Amino acid sequence: MRARAALAATAVVSIALVAAGILVVAVLRHNLTERAGLEAEVTARTVAGAQAALNGDFGTLDLPDDEDDLVQVADATGKVLAAGDELRGRPVLSDYAPASAPTPTPAPAGTASGGRHQDDDDNDDHGHDSTPARGKVGTEVERRTLTVRVGDESHAYRFAAVRGTTYDGRTYTVYGGASLADEQATSDQVVRAMLTGLPCLLVVVAAVTWLVTRRALRPVEGIRAKMAEITGSGDLARRVPEPDARDEIARLARTTNQTLAALEQSVERQHRFVADASHELRSPIASLRTQLEVAEQHPELLDVPDLLQDVVRLQHLAADLLLLARLDAGERPADTLVDLAALVREEVARRARTDRITPAVTAADTALEVKGSRNQLSRVLGNLLDNAQRHASTGITVTVDAVGDAVVLTVADDGDGVAPADRTRVFERFVRLDEGRSRDEGGAGLGLAIARDVVRRHHGTLSLTDSPAGGAAFRISLPRAH
């Protein structure tokens, strides 16, 4: 990851630097070319405004004779009237083809004389300047970049063309040129400096990115190493280190510790489940074995009803454990419509012959449908009725009603009730309060735990409150099907 981050950062920086370098070089060349154009214009205007030129005496003009400043004077017909040493005997400059680089750019508006400048990069002899008045120099200027052979080499020059009119009415054009050699050398030097510094800068960026990424990911490596230790030792009570910073890595560490805590609780719950299930299974199995061993030696002492009761209890316990295992494995209830009112009437009628107390049912005549598994909801109702039968004194009431968008089922008894401190604990697995611990009456302590888990998987809630009759009231709320 550090290598990818360093490579990505280096690539982004290199692209940005190359783009910035190209822009800087382009702006630099533009400014240098404009500066050369201004120098050429100054030279051209100096010659065009000389008294000899205005008098038409072009043979006496004082023209520069160095190769960096070229001057040529031509009349309206294109005849060369005067030229510096480097351009003497050459055709008029308007016949030269423009150089390919550097490209000409518009001159800035406003000159020393208050006129405007006009670039002309075509092969026109003159721009669109009107003929100046007699004894005057035009306010407009044409600029172009031309390649001129001076001596044995060809060089790029920036030329400025200025028109003037003599006192006797003859028009002439003065071409002043400034060499671009120094400007080209300056831009080349800047390019070389950029090309030399770019690799060094990219190396620095890559190194800094590598080091910063390594330091930023050091807590992640600590978390990984600690997780490897926890995995190897199997000790889920250990936790990964949490950085002091309030960043993504700190949140990752906290989330990891929360996950470890949830996993630890889940494993502990499974261990308790296995231990409690083993304990609950051991009692009826031991009882069955004892009775069978006695019956083998003394058949006349066999207590068949007691033996049958242990077998039934063992069967119910096995069924409860199997259902809890399926629920823990993530089994989802069926998505069928169940009329909860009809289900209550059927379940109460089915149990009427065996129940100690016949419940009083209050349910609406209309269908109160929910989505889920009919068998699982019937199991929940049966567990709540079994609990009420164990604790009720004289009466049990079952109420089904619609409350908003929910169907509410309440099973209440007139027993001793449940203390507020135990109203959460009774839903835990294998938990039986003191009055329910006898083997014959109390069961295994799984009925309410199964009811709670099934209701949760049906997107509902199961709560315990006080009954109006003084006992306990279990209230189930399930989303109503529409």
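What you see is a predicted model, and the numbers here were worked out from it, not measured in a lab.

K.L.:
Help me understand the sheet that holds strand β7 (residues 360-363), please; the structure alone is not making it clear to me.
P.N.:
Taken together, five strands build an open sheet; the order of strands is β7-β9-β10-β12-β11 and the sheet is mixed. Of all the strands in the sheet, the pair left with one neighbour each is β7 and β11 (461-466). Here the average twist between neighbouring strands, direction ignored, is 15°. Where β11 meets strand β12 (residues 472-479), six bridges bridge the pair, whose relative direction is antiparallel. Looking at the pairing, Thr 465 lines up with Ala 473 of β12. Across the face of the sheet, helix α7 (residues 374-391) comes into contact with β9 (396-403), β10 (406-413) and β12 while running at roughly 25° to β10.

K.L.:
Which parts of the structure should I look at to understand the UniProt feature "transmembrane region" (unreviewed entry) in the chain?
P.N.:
Sites flagged by UniProt as "transmembrane region" (unreviewed entry) map to residues 193-212. Helix makes up 100% of residues 193-212 and strand 0%. Its end C-alpha atoms lie 28 Å apart.

K.L.:
Is there a simple way to think about the pairing of β10 in this case?
P.N.:
For a regular strand, the rule is simple: side chains alternate between the two faces of the sheet. Where burial is concerned, most of β10 is hidden: seven out of the eight residues are buried. Pairing analysis gives eight bridges linking β9 to β10, with the strands arranged antiparallel. Note on β10: the bridge partner recorded for Thr 399 is Thr 410. Between β9 and the antiparallel strand that follows it, β10, lie two residues; Gly 404 among them carries a positive phi value of about 65°. Looking at chain direction, β10 and β12 are connected through seven bridges and run antiparallel. Following the sheet pairing, Val 407 is matched in β12 by Leu 478.

K.L.:
What exactly am I supposed to notice about the pattern of salt bridges here?
P.N.:
In a structure, side chains of opposite charge can pair up when their charged atoms sit close to one another. Evaluated as defined, the whole model comprises 20 salt bridges. One salt bridge in this structure joins Arg 143 and Glu 41, with 2.8 Å as the shortest N-O distance. Here Glu 41 lies in helix α1 (residues 2-48) and Arg 143 lies in strand β3 (residues 136-150), a separation of 102 residues in the sequence. Given the relative accessible area of 1%, Arg 143 is considered buried. Exposure remark for Glu 41: the relative accessible area of 6% places this residue in the buried category. Between Arg 425 and Asp 422 there is a salt bridge, and its shortest N-O distance comes to 3.4 Å. Accessibility expressed as a relative area gives 34% for Arg 425, which makes it partly exposed. The structure contains a network of salt bridges with shared partners spanning Glu 34, Glu 41, Arg 45 and Arg 143.

Definitions and cut-offs
- Residues numbered from 1 in each chain as written.
- Predicted model: local features only at pLDDT ≥ 70, side-chain atom pairs only at ≥ 80, totals over all residues.
- Heavy atoms only, no water.
- Pairing = 2+ DSSP bridges.
- Helix = DSSP H or I, 4+ residues; strand = E, 2+ residues; numbered from the N terminus.
- Axes fitted to C-alpha atoms, helices over the stretch in contact; angles between N-to-C directions.
- Contact = heavy atoms within 4.5 Å.
- UniProt positions renumbered as here; feature names shortened; annotations may be inferred.
- Buried < 20%, exposed > 50% of the residue type's maximum accessible area, 1.4 Å probe, protein only.
- Salt bridge = Lys/Arg side-chain N within 4 Å of Asp/Glu carboxyl O.

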